[in-house]
Amino acid sequence: MASSALGLIRIVSNSELVKQEQEAEKAAQEARDKNNSPLLQGLSKHVTEAWEQARDAKNSVLPRLQRAQRARVGEYDPEKLAQIKSFGGSTEYARVTANKIRIVEAWLRDVYNGQTDQPWQINATPKPDIPEDAEAQVQEMVSKQVGEAFAKTGQMPDPASVRAQMAAEMSRFEESLKEAAGDTAKRMEKRMHDQLQEAGFNNVLASYLGDLATYPAAIMKGPVLRKRKVLSWESVDGEAPTPKVEDAIVTEFERVSPFRAYPAPGAVTPQEGYFLEHHTFSHSDLYNLIGLPGYDEEAIRAVLHESEYGGLNNWLGFETFDDEGQSVAESLQRTVFEYDALEYHGPVLGKDLLEWGLDQEDVSDPMAMYEACVWLIGSWVIKAQLNYDPLGQRPYYSTSYEEIPGEFWGMGLPDILDDVQGVVNAAVRSLNNNMAMASGPQVAVNIDRLPAGQDITNITPWHIWQVEDNQFGTNTSKPIEFFQPNSNVNELLSVIEKFYQFADDFSLVPRYMAGSDKVGGAGRTASGLSMLMDAANKGLKGVVSNVDTNVIAPMLTKLYNYNMLYDKDPTIKGDAQVVASGAVSLMRIESMQLRRNEFLQVTANPIDMQITGVEGRAEVLRSVASGLDLNTDKIVPPEEDLQQKLQAQQAQAQVAQGTQGKPPAPAQGQQGYSASKETLQDGSATTDNFSPNSMTP
């Protein structure tokens, strides 16, 4: 070690440097030998062939993706812009589609992230699994009760009554199982809600909803395992907490860019055929994969070593990288995100796996297809494992704003409004050009009558024009003539307005959903506008239903299965299922709070209170307070505390009733009266203000 002004600098000898290089080369050679095994080479070839097929099949969809992205940002495609510039005039772009996308995106975010209730639940199954010995337990209980009854009365109960008692006890047993299953489902729901919060699920979902309104398909991924640094705080012996940073394996969710998703040709969902995702990693992102389950550390280090010599540049065959084609600028792609990787999910024939060297314990049938996950960088397989999901599900889920039966890529708002957007753009450009032409007079100048050197490029007030006549003095034509071009503004505005109405109809997103006052007819009244809003919501509820059915429910079911398999808490594991309720919540949230308030008012009477009781009233109050985003525990006591308060009040009432039942002792020196009119039936004293005795001193 040597000291310097900048600190301590380690000095390494040449022999040590040579030794380090030799060790690095030895490790790289061992990684190459391992990667050249028949199994990994076979997987590499399999993934490469699938990639080429999927990339070629997507070439027909890529222009739609690029057009959708340009429509969102309000830009013409290069070919169209060149045609407009060659004609001359305005290049304005009317962002009709972008406005509709913003409205739909905000509306969907309000449905999924803007409500106090989460748009999914964990519900216990209606009929929980009954233990095999349940009937025997109930029979034993009923037999004991029959024996006790016989011991008291000396008579055996009627067989019909015994069967009825058996059925009643069995029903109570099933109800207890349902109640226990419901409690277990609630604990699982809290666990999953905590996982989603830690993973930033709401932010990922918000980005996904933007894709849903924009592109022909929107893809969500999760849950996936990632290694992340986690900050925790520790306090020792009552001292101030100190930060502690650890590497932890966490579950995460991701929005997959449609530009980077490559489904199999002919596949309708990511679960069919095979599915590839194109990743670009920075050095640190790739290095952080080391230590995650399933990743090959030697292969990752070999990739990092090979990339130093440029051996992996453009191995996927992309000649250029731009914002539209790959959503990553070329400069960033080459300087920051320098590692292209393919993530493959799809079937592999068991026979091929056996030939490539996989154990027969993992491949029981050579003719069966086995779901595999393979990560490929160049020729390096950095991850290869079978999919051990119980249902064989891949962590990818997709849907479209408007689905096309039998197609993976549906239609987004830019596809639906493409014709309308083109006509409005043309009208707006014509409007600008016409306003420019009609903004002032046009001037015709007879240059034969102007003297040489006369400036005809500018017109100024009080300008004096010099003109000449011909030599015969017979030229009567005007040297300068003004005329006004016609203005077509009103006609063009009517075209624009009409196609804005078409945009409302085609997209199912009327302007009044964004607060516009351009609404007539029934929309002029509050009730009429509410009816129009409900009618518009019916079309958008179909979009929400697509998200619930194709994305939220299967993705959270995968998280549920993961917890059932690997979570260490046994109290959250039971017979339940995930229910996505985005569309349902949209229909009921609008009126549920009002209905709850009405229910409170209607039942606020002594007769209904006797039916519902304090516990039932408290449950309704909890629901109302929760819908108002209030702390229910501070407003309505928990059920256990409420029961204790009720029991204490009943005890106090019983004590007070016992005290009132005793006749009070007469005061000292006071005479008592024995007449029946002067006492109550129980003998207690009365206050007499009307009888003759009341006047007796």
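Our structure's up above, just so we're on the same page.
These numbers were taken from a predicted model, which means no experiment stands behind them.

## With respect to the overall build of the protein
Thinking step 1. Along the protein, the regular secondary structure elements total 20 helices and 14 strands.
Thinking step 2. Counting all 697 residues of the protein, 35% fall into the buried class.
Thinking step 3. For the protein, long-range pairs separated by at least 24 residues make up 71% of all intrachain contacts whose partners lie at least 6 apart in sequence.

## What to know about the packing of helix α5 (residues 96-113) against helix α8 (residues 201-214)
Thinking step 1. Relative orientation of the contacting elements α5 and α8 amounts to 145 degrees, with a least axis distance of 9 Å. Between α5 and α8 lies a crossing whose hand is right-handed. Only Asn202, Leu205, Ala206, Ser207, Leu209, Gly210, Leu212, Ala213 and Thr214 of α8 make contact with α5, whose side of the interface consists of Ile101, Val104, Glu105, Leu108, Arg109, Tyr112 and Asn113.
Thinking step 2. Here the contact of α5 with α8 is composed, by residue class, of nine nonpolar, five polar and two charged.

## Examining the pattern of salt bridges
Thinking step 1. Under the defined criterion, the tally for this structure stands at 16 salt bridges.
Thinking step 2. Close ionic contact of Glu343 with Lys221 constitutes a salt bridge, the shortest N to O distance being 2.6 Å. Pair noted here: Glu343 is in strand β8 (residues 339-349) and Lys221 is in strand β4 (residues 218-234), with a separation of 122 residues, a long-range link. For the pair Glu343 and Lys221, a shared accessibility class is recorded, and that class is buried.
Thinking step 3. Connected through shared salt-bridge partners, Arg64, Arg67, Asp415 and Asp418 make up one network.

## Observations regarding helix α14 (residues 418-438)
Thinking step 1. Across its 21 residues, α14 extends 30 Å between first and last C-alpha, which sits within 8% of the 30 Å expected from 1.5 Å per residue.
Thinking step 2. Looking at α14, one finds that the buried residues are Val420, Gln421, Val424, Asn425, Ala427, Val428, Arg429, Leu431, Asn434 and Ala438.
Thinking step 3. Looking at the packing, one finds that the buried side of α14 touches α4 (78-87), α5 and α15 (489-507).

## Some thoughts on the sheet that holds strand β11 (residues 396-399)
Thinking step 1. The strand order β5-β4-β11 describes an open sheet built from three strands, whose pairing is antiparallel. Each end of this open sheet is capped by a strand with a single partner; those strands are β5 (242-256) and β11. Strand-to-strand, the axes of this sheet are offset by a mean angle of 30 degrees, without reference to chain direction.
Thinking step 2. Pairing of β4 with β5 involves 14 bridges; the strand directions are antiparallel. Residue pairing in the sheet places Lys221 in a bridge with Glu254 of β5.

## Focus: α5
Thinking step 1. When the terminal C-alpha atoms of α5 are compared, their 25 Å separation across 18 residues agrees well with the 26 Å that a helix rising 1.5 Å per residue should span.
Thinking step 2. Within the sequence span of α5, burial applies to Val96, Thr97, Ala98, Lys100, Ile101, Ile103, Val104, Glu105, Trp107, Leu108, Val111 and Tyr112.

## Details of the environment of Trp375
Thinking step 1. Relative to the assigned elements, Trp375 resides in strand β9 (residues 369-377).
Thinking step 2. For the pair Trp375 and Glu277, spaced 98 residues apart in sequence, the C-alpha to C-alpha distance is 9.7 Å.

## Considerations on the packing of aromatic side chains
Thinking step 1. In the structure shown here, the tally under the stated rule is 13 aromatic pairs.
Thinking step 2. On the numbers, 4.8 Å between centres and 70 degrees between planes, the contact of Trp51 with Tyr262 is edge-to-face. With Trp51 in helix α2 (residues 38-58) and Tyr262 in strand β6 (residues 261-263), this pair connects stretches of sequence that are 211 residues apart.
Thinking step 3. Judged by relative accessible area, Tyr262 falls into the buried class, the value being 4%.
Thinking step 4. For the ring pair Tyr76 and Tyr93, a centre distance of 4.9 Å and an interplane angle of 70 degrees mean the geometry is edge-to-face. Of this pair, Tyr76 sits in the loop between α3 (62-73) and α4 while Tyr93 sits in the loop between α4 and α5, placing them 17 residues apart in sequence.
Thinking step 5. Accessibility expressed as a relative area gives 13% for Tyr76, which makes it buried.
Thinking step 6. Under the relative-accessibility criterion, Tyr93 is labelled buried at 17%.
Thinking step 7. Every member of this aromatic cluster is reached through a ring pair, and the members are Phe275, Tyr396, Phe408 and Trp409.
Thinking step 8. Lying across the ring of Tyr262, Lys58 places its NZ or CZ 4.3 Å from the centre.

## Structural notes on a nonpolar patch on the surface
Thinking step 1. Judged by side-chain polarity, Leu231, Trp233 and Val245 come together as a nonpolar surface patch covering roughly 350 Å² of accessible area.
Thinking step 2. For Leu231, the location among the structural elements is in strand β4.

## Topic: unusual backbone geometry
Trans peptide bonds make up most of the peptide bonds, and negative phi angles are found at most residues other than glycine.
Thinking step 1. The residue after Gly222, namely Pro223, is reached through a cis peptide bond having omega -10 degrees.
Thinking step 2. Tracing the backbone through its elements, the reader meets Pro223 in strand β4.
Thinking step 3. Although it is not a glycine, Leu508 adopts a positive phi angle of roughly 60 degrees.
Thinking step 4. Relative to the elements of secondary structure, Leu508 occurs in the loop between α15 and α16 (526-566).

So, how was this worked out
Residues numbered from 1 in each chain as written. Predicted model: local features only at pLDDT ≥ 70, side-chain atom pairs only at ≥ 80, totals over all residues. Heavy atoms only, no water. Helix = DSSP H or I, 4+ residues; strand = E, 2+ residues; numbered from the N terminus. Buried < 20%, exposed > 50% of the residue type's maximum accessible area, 1.4 Å probe, protein only. Contact = heavy atoms within 4.5 Å. Axes fitted to C-alpha atoms, helices over the stretch in contact; angles between N-to-C directions. Left-handed = near helix turned anticlockwise from the far one by under 90°. Nonpolar A, V, L, I, M, F, W, Y, C, P; charged D, E, K, R; others polar. Salt bridge = Lys/Arg side-chain N within 4 Å of Asp/Glu carboxyl O. Expected span 1.5 Å × (residues − 1). Pairing = 2+ DSSP bridges. Phe/Tyr/Trp six-rings, centres within 6.5 Å; stacked < 30°, edge-to-face > 60°. Lys NZ or Arg CZ within 6 Å of the ring centre and 35° of its normal. Patch = residues over 30% accessible without salt bridge, like charges linked within 9 Å, V, L, I, M, F, W, Y side chains within 5 Å. Areas by Shrake-Rupley, 256 points an atom, 1.4 Å probe, with all protein chains shown as cover.

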